[in-house]
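# Analysis of the macromolecular model
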Amino acid sequence: MTFVIEFLFTMLEGVRIHALEHRAFLQTQTAVESAFGSYNSSLWEQYHILARDMQGMEETIIDMASSSMVLSEEGIHLLNFIPKEVQITKYRLLTDDSGRSYIKSVSNYMKEHVLYEGAQGIYSQFEAVKSILDKNSVDNLDIEKALKSLNEKENGVSVESSSFSKDSRLSNQVSLFKNSNLLTNVDSSYYFNLLENANCIYHFDLLKKLNFSHGLDLLDNLNSLYHFDILKIAKNINSQEIQKKGTSILESASNLQKMGILQLVIEDNATISSNIYEEKERVSKRQLLKGTDTKISEITWFDTILLQQYLLKYLGNYTKEMKSTVLSYEVEYLIGKKESDIENLKSVISQILTIRQAINMMYLLSDSAKMQTITTFAGILAGVTGNPIVLELVKTGLVTAWAFGESILDIRALLQGKKIPFIKNETLWTLELEQIENLSTSFLTAKESQKGMSYEDYLGILLFFQKAENLALYAMDIQEAVMQQQKGYEDFKMDRMVTGIGAEINYTYSFLFLSMQNLISYDDAENIIDSQTVFSYW
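Along every chain, residues carry numbers that run from 1 in the direction the sequence is written. Residues qualify for local features only when their pLDDT is at least 70, as the model is predicted, and side-chain atom pairs are given and counted only at 80 or more; totals for whole chains, interfaces and linings, by contrast, use all residues. Side-chain measures were taken over the full set of non-hydrogen atoms in the model, leaving aside hydrogen atoms and water.

On to the overall build of the protein, then. Here a helix means four or more residues in a row that DSSP labels H or I, a strand means two or more in a row labelled E, and each is numbered from the N terminus. Helix and strand counts for the protein come out as 18 helices and seven strands. When each of the 538 residues of the protein is scored for burial, the buried share is 50%. Residue pairs at least 24 apart in sequence account for 80% of intrachain contacts in the protein once pairs closer than 6 positions are excluded. Accessible surface, the protein as shown: approximately 26000 Å² in total, 48% of it carbon and sulfur. Partly exposed describes any residue whose relative accessible area lies between the buried limit of under 20% and the exposed limit of over 50%, with all areas from a 1.4 Å probe on protein chains only and scaled to the type maximum. A contact between two residues is defined here by any heavy atoms of the two lying within 4.5 Å. All accessible-area figures derive from a Shrake-Rupley calculation using a 1.4 Å probe, and residue coverage is judged against the displayed protein chains alone.

Laid out in structure tokens, this is it:
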């Protein structure tokens, strides 16, 4: 009989232990999830990032595990145990893996707001822009080269062919467009066979526009430009005024490039933030704490687009300043990486200006009417020597100057919150070549297009060119500084914020059925159940 009773008690104890293990598993899950339920509410409300401070994590989990253990002084509880110790087996911080943990946190949230198909469209647009810019570079020294070649010509100094080649960058760029045959494969023997004391006039309308009243005796059937219409040569015309005008355009463009960029594109009565972020121990600069769970999946193109869209939405910029922040131009900081709003704004505007100038040069080279105007000026400025090297240098300089001037107008419009077309047409082009001389004294802006791109759209392009991990670290610079301005968060640190952990809780329990002593007292528990779980916000 004793043997039967012991057998039954052993079976009952086995069933009880199995039930205790199951309850311990559920209790551990509940405790860890409850601990993560106390996420940083301010970080969520402002930036929609789910994370909590790693400090005090073990104590919180133990408290959560014990809170449901209602121990009564009376009676016996068959499934009673006591949580004694918690160990964090692994954990992942928001800053881990060079910011990839942050990117995944942001991506997880943004997936609820940006459709996959929409992100694909954005990615394709940015890739197209990058491809265009890779094929079309801008060298603002072309203006200086044009002026130098004119000075050398006037001083009787020969222009070396090394400064210009038949396969010049200008010709290479033109080949990207339908009218590429205008300048490709140019042979200098086709250029000019000018009559003595005559000057090349290619665009008769230009002379009338400049109010020249000289009588023109146009001669037909003279030598032609390669792939251009037959030249019309104007005899007995004093072209000094045109030469003066063309030289003035190049000099004006050169002077504009030497001016401060903000002076060129922002009106005098506009307010510019002078905020400075001088924190030396910012996230992107200091030695960060590291978690033990570093197996973070690769950053995909989808993650990159979601991060970019997130930063544009939740950080401020020149046209969308945020209140209660360290820097007013937060997105510009991610791109410029300088300590002051002014320097970051300068950096961003310069980069957008480069993009706009490349695109505007593309359009100019495809517009035959505007190229005729440029050719006319270049022909007169190059003089009667017919030197193709000087001619091409001047032509390239004028194209660069005109595109630069139009780009200044574009930036002015963008900073005023207007939209401009990415690639322009004849109707949407604003600047006349002669107006370059007045850009430093008049605040003309580009024509607006509701179907165009805004300043924020260009910020998106610049963000796309940045490495995602760098964007994450610099974004955390700003967000950490903003959080530290709030009461109660003065000691807030991004690299203490945990996004996921693995935890193990040790529970102690006493036997009930195997010992009559345990029937009397179960407080001196010596048996242990280990229960593990993992939790992550993403």
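Read on for the rest.
What follows concerns helix α16 (residues 455-464). For α16, the buried fraction is high: eight of the ten residues fall into the buried class. Within the sequence span of α16, burial applies to Y455, Y458, L459, G460, I461, L462, L463 and F464. If you follow the buried residues of α16, they end up packed against α5 (116-135), α11 (301-314), α12 (330-336), α13 (341-366), α15 (388-415) and α17 (468-484).

This paragraph deals with unusual backbone geometry. The backbone of H48 sits at a positive phi, close to 55°, despite the residue not being glycine. Relative to the elements of secondary structure, H48 occurs in the loop between α2 (41-47) and β1 (52-53). The class of H48 is buried, set by a relative accessible area of 19%. A positive phi angle, close to 60°, is found at K337, a residue other than glycine. Structurally, K337 is set in the loop between α12 and α13.

To continue, consider the side chain of R496. Tracing the backbone through its elements, the reader meets R496 in the loop between α17 and β6 (497-509). When its relative accessible area of 13% is taken as the criterion, R496 is described as buried. Side chain to side chain, R496 and D53 meet in a polar contact 3.4 Å long. If we ignore the near neighbours within four places in the chain, the residues touching R496 are R52, D53, M54, Q55, L93, L289 and D491. Residues adjacent in sequence count toward polar contacts only when both atoms are side-chain atoms; beyond that, a polar contact is any pair of N or O atoms within 3.5 Å, and within protein one must be able to donate a hydrogen and the other to accept it.

Let's shift gears to the nonpolar core. In these notes, a set of buried Ala, Val, Leu, Ile, Met, Phe, Trp, Tyr and Cys residues joined through side-chain atoms within 4.5 Å is what counts as a nonpolar core. Counting 110 residues, the largest nonpolar core has Y102 and L311 as its most contacted members. Ranked by the residues each element gives to this core, the list is headed by α15, at 15 residues. Leave out the neighbours within four places in its chain, and Y102 touches I49, L94, L307, Y310, L311, A472, A475, M476 and Q479. Counting residues in each nonpolar core, the second largest holds 23 residues, with A31, M54, I505 and Y509 among its members.

With that settled, consider the pattern of salt bridges. For salt bridges, the criterion is a side-chain nitrogen of Lys or Arg within 4 Å of an Asp or Glu carboxyl oxygen. Scanning all chains against the criterion turns up 18 salt bridges. The partner of E339 in a salt bridge is R282, and the shortest N-O contact between them spans 3.7 Å. Taken as a pair, E339 in the loop between α12 and α13 and R282 in the loop between α10 (261-265) and α11 lie far apart in primary sequence, 57 residues in all. The partly exposed category is assigned to E339, whose relative accessible area is 32%.

A few words now on the packing of helix α4 (residues 100-110) against α17. The axes are straight lines fitted to the C-alpha atoms, using for helices just the contacting stretch, and the angles between their N-to-C directions are given from 0 to 180°. α17 packs onto α4 with a crossing angle of 80° between their chain directions and a minimal axis gap of 8 Å. Comparing their axes, α17 and α4 come out roughly perpendicular. Between α4 and α17, the residues in contact are R100, Y102 and I103 and A468, E469, A472, A475, M476 and Q479, respectively. Angle categories are assigned with fixed cut-offs, so that under 35 degrees is roughly parallel, over 145 is roughly antiparallel, 65 to 115 is roughly perpendicular, and the rest are oblique.

For β6, a buried count of 13 out of 13 residues is recorded, marking the element as mostly surrounded by other parts of the structure. For two strands to be treated as a pair, DSSP must find at least two bridges joining them. Where β1 meets β6, two bridges bridge the pair, whose relative direction is antiparallel. Note on β6: the bridge partner recorded for D53 is M497. In terms of strand pairing, strand β2 (residues 82-93) meets β6 through ten bridges, oriented antiparallel. Opposite E85, over in β6, you have N506 as the bridge partner. As defined by bridge partners, β6 adjoins strand β7 (residues 527-536) across ten bridges and the pair is classed as antiparallel. By the bridge assignment for β7, G500 is matched with S536.

Aromatic contacts are taken between Phe, Tyr and Trp rings whose centres are within 6.5 Å, Trp giving its six-membered ring; a plane angle under 30 degrees counts as stacked, one over 60 as edge-to-face, and the others as tilted. Overall, the coordinates contain 20 aromatic pairs when judged by the stated rule. Where F36 meets F535, the ring centres are 4.9 Å apart and the plane angle is 50°; that geometry is what we call tilted. Taken as a pair, F36 in helix α1 (residues 2-37) and F535 in strand β7 lie far apart in primary sequence, 499 residues in all. For F535, a relative accessible area of 22% corresponds to the partly exposed category.

Quick look at the side chain of T400 now. Looking at the element boundaries, T400 is found in helix α15. From its side chain, T400 meets the backbone oxygen of T396 in a polar contact 2.8 Å long.

The next subject is the environment of N275. Topologically, N275 is positioned in the loop between α10 and α11. For N275, the contacting residues outside a window of four places in its chain are T325, V326, L327, S328, E339, S340 and D341. Within the local environment of N275, its side chain forms a polar contact with the side chain of S328, the two groups lying 3.3 Å apart.

This part covers the confidence of the model for the protein. On average, residues of the protein score 77 in pLDDT, and 73% of them are at 70 or above. Each residue carries a pLDDT score, the predictor's own confidence in it, on a scale running from 0 to 100. Considering only residues more than four positions removed or in separate chains, one finds that residues 156-238, a stretch of pLDDT under 50, has 149 contacts. Within the model, the stretch residues 516-523 combines pLDDT values under 50 with twelve contacts to residues more than four positions away or in other chains.

Along the polypeptide, A253 turns up in helix α9 (residues 240-258). A C-alpha to C-alpha distance of 9.7 Å links A253 and S440, two positions 187 residues apart in sequence.

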